[in-house]
Amino acid sequence: MDLKNGSVVTEFILLGFSGQWELQIFFFVAFSLIYSATVLGNILIMVTVTFSSTLHSPMYFLLGNLSFLDMCLSTVTTPKMITDLLSEHKIISIQACMTQMFFMHFFGGAEMTLLIAMAFDRYVAICKPLHYRTIMSHRLLSGFMILSWIIGFIHTMSQMVLTVNLPFCGPNVIDNIFCDLPLVIKLACMETYMLELFVIADSGLLSFICFILLLVSYTVILITVQQRSSGGLSKALSTLSAHMIVVTLFFGPCIFIYAWPFNSFAGNKVLAVFYTVFTPFLNPIIYTLRNQKMQEAMRKLHRHMVC
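Every chain is numbered on its own, with residues counted from 1 as its sequence reads. At least 70 in pLDDT is required for a residue's local features to be given in this predicted model, at least 80 for side-chain atom pairs to be given and counted, and no such filter applies to totals for whole chains, interfaces and linings, which use all residues. As a convention, hydrogens and water are excluded, and side-chain values are obtained from all of the structure's heavy atoms.

Named according to an unreviewed UniProt entry, the protein chain is Olfactory receptor originating from Suricata suricatta. UniProt positions are given in the numbering used here, feature names are shortened, and annotations may be inferred rather than shown by experiment. Within the UniProt record for the protein chain, the comment given under Sequence similarities (unreviewed entry) is "Belongs to the G-protein coupled receptor 1 family." In its Function (unreviewed entry) section, the UniProt entry covering the protein chain states "Putative odorant or sperm cell receptor."

The following block contains the structure:
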């Protein structure tokens, strides 16, 4: 280990978005509005699913939990990014940086598992409708939720336990809007080649494998529906399209970031914003605007609160 003059880094500098002050103000206003809408939209979905008797079904239970994870994932990074837009010195302590990375991968890993559970729910609803209630029991739903949290915890701990004690004694500049493992690992004052490969295998391959599994599951659903009834194919496509959009928005940027994790890539910040800001914002829109049952439940809940 080659410590430069025995110095120890206690904080990192986030470069964030560069540009004129007017552009920074624009980003501040835009991201503040988007984050506020993200929190309010996801809370609205959670409240509607909880208090609307017409939405007490496995699909909406999973949707409510997806909203919770989306809100948590966005909250881990977005408020810090917004405040940094008005700060000349974008500084984050090592402890805060490690905490940010821990919860990013914790909620991210849990959401990957939850999306697979939602795909299974759609498979049962479309391909085995008569047995839907029996298969998608409360016990199974509870198992899905516990499994998603466990996988998220294992996913983040397997990486953080090897990262939290890395020595940092030299460069402390992170060319991004938040702390992320690949860029932080590069700053360590020791050889991290094996750790870099492990991060790629853990985060990159996990995202890619989950994405492939989801695409395969949707393909199986569509083939099954087509074989049974050509008329049911359009209905299945309509039902699955929202899920396909969510899956693509969530996994696309994540896979792309980890495909070139240790090389400089100009679009990294854009993908990071899309992954942590826009996807949690778009999920409530996708599910509420396309779902008549959810819209009706929200209207009933609003009328009940007003009265």
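Picking up where we left off.
Undergrad: I keep staring at the side chain of Thr48 and nothing clicks. Help me out?
TA: Secondary structure elements follow DSSP: runs of H or I of four or more residues count as helices, runs of E of two or more count as strands, with numbering from the N terminus. Within the secondary structure, Thr48 sits in helix H1 (residues 21-51). For Thr48, a relative accessible area of 0% puts it in the buried group. Any two residues having at least one pair of non-hydrogen atoms within 4.5 Å are treated as being in contact. Non-local contacts of Thr48, meaning those with residues more than four positions away in its chain, are made with Leu55, Met294, Ala297, Met298 and Leu301. In this scheme, a residue with accessible area under 20% of its type's maximum is buried, one over 50% is exposed, and one in between is partly exposed, where area comes from a 1.4 Å probe on protein chains only.

Undergrad: Looking at this model, I keep getting lost on the sheet that holds strand S1 (residues 11-14). Mind explaining?
TA: Across the sheet, which stays open at both edges, the three strands sit in the order S2-S1-S3 with mixed pairing between neighbours. For this open sheet the edge positions go to strand S2 (91-93) and strand S3 (173-174), each flanked by a neighbour on one side alone. Think of it this way: DSSP has to see at least two bridges between two strands before they count as a pair. Pairing geometry for S1 and S3, over two bridges, is parallel. Looking at S3, one finds that Leu14 is bridged to Ile174. Against the sheet, helix H3 (residues 94-127) makes contact with S1, S2 and S3, and its axis sits at roughly 85 degrees relative to S2, the strand it touches most. Only the contacting stretch of a helix is used when fitting its axis, a line to C-alpha atoms as for every element, and angles between N-to-C directions run 0 to 180 degrees.

Undergrad: Help me out: how do you make sense of the state of the cysteines in this one?
TA: Note on terminology: a disulfide is the covalent bond linking the sulfur atoms of two cysteines. The criterion for a disulfide is a pair of cysteine sulfur atoms lying within 2.5 Å. Scanning the entire structure with this criterion turns up two disulfides. Between the sulfur of Cys97 and that of Cys179 lies a disulfide, 2.1 Å long from S to S. Handedness here is read from the sign of the S-S torsion; for Cys97 and Cys179, about -130 degrees, the answer is left-handed. Here the residue Cys97 occupies a position in helix H3, and Cys179 occupies one in the loop between S3 and helix H6 (181-185), the gap between them amounting to 82 residues. Residue Cys97 shares its accessibility class with Cys179, and that shared class is buried. Here Cys169 engages in a disulfide with Cys189; their sulfurs sit 2.0 Å apart. Around the S-S axis, the bridge from Cys169 to Cys189 shows a dihedral of about -140 degrees and counts as left-handed.

Undergrad: Whenever I open this one, the confidence of the model for the protein chain confuses me. Can you help?
TA: Parts of the model with low pLDDT should not have their predicted coordinates read in detail. Confidence of the predictor at the level of single residues is captured by pLDDT, which takes values from 0 to 100. Of the residues in the protein chain, 89% reach a pLDDT of 70 or more, and the chain-wide mean stands at 83. Segment residues 1-6: pLDDT under 50, and nine contacts once partners within four positions in sequence are set aside and those in other chains are kept.

Undergrad: Can you walk me through the packing of aromatic side chains in this structure?
TA: Here a ring pair, both rings aromatic, is described through the centre-centre distance and the interplanar angle of the planes. Within 6.5 Å between ring centres, the rings of Phe, Tyr and Trp (the latter by its six-membered ring) count as paired, and their orientation is classed by plane angle as stacked under 30 degrees, edge-to-face over 60, tilted in between. Throughout the structure, instances matching the rule amount to 14 aromatic pairs. Consider the rings of Phe26 and Phe27, whose centres lie 5.9 Å apart with planes at 50 degrees: the pair is tilted. You can call Phe26 exposed: its relative accessible area is 53%. The structure contains a cluster of three or more aromatic residues connected by ring pairs, namely Phe68, Phe102, Phe103, Phe106, Phe107, Trp149 and Phe153.

Undergrad: How should I be thinking about H3 in this particular structure?
TA: Since the α-helix turns once every 3.6 residues, residues separated by three or four places project in the same direction. A helix's residues, less one, multiplied by 1.5 Å, set its expected span. Compared with the 50 Å implied by 1.5 Å per residue over 34 residues, the 49 Å span of H3 between its first and last C-alpha is a close match. Where burial is concerned, most of H3 is hidden: 25 out of the 34 residues are buried.

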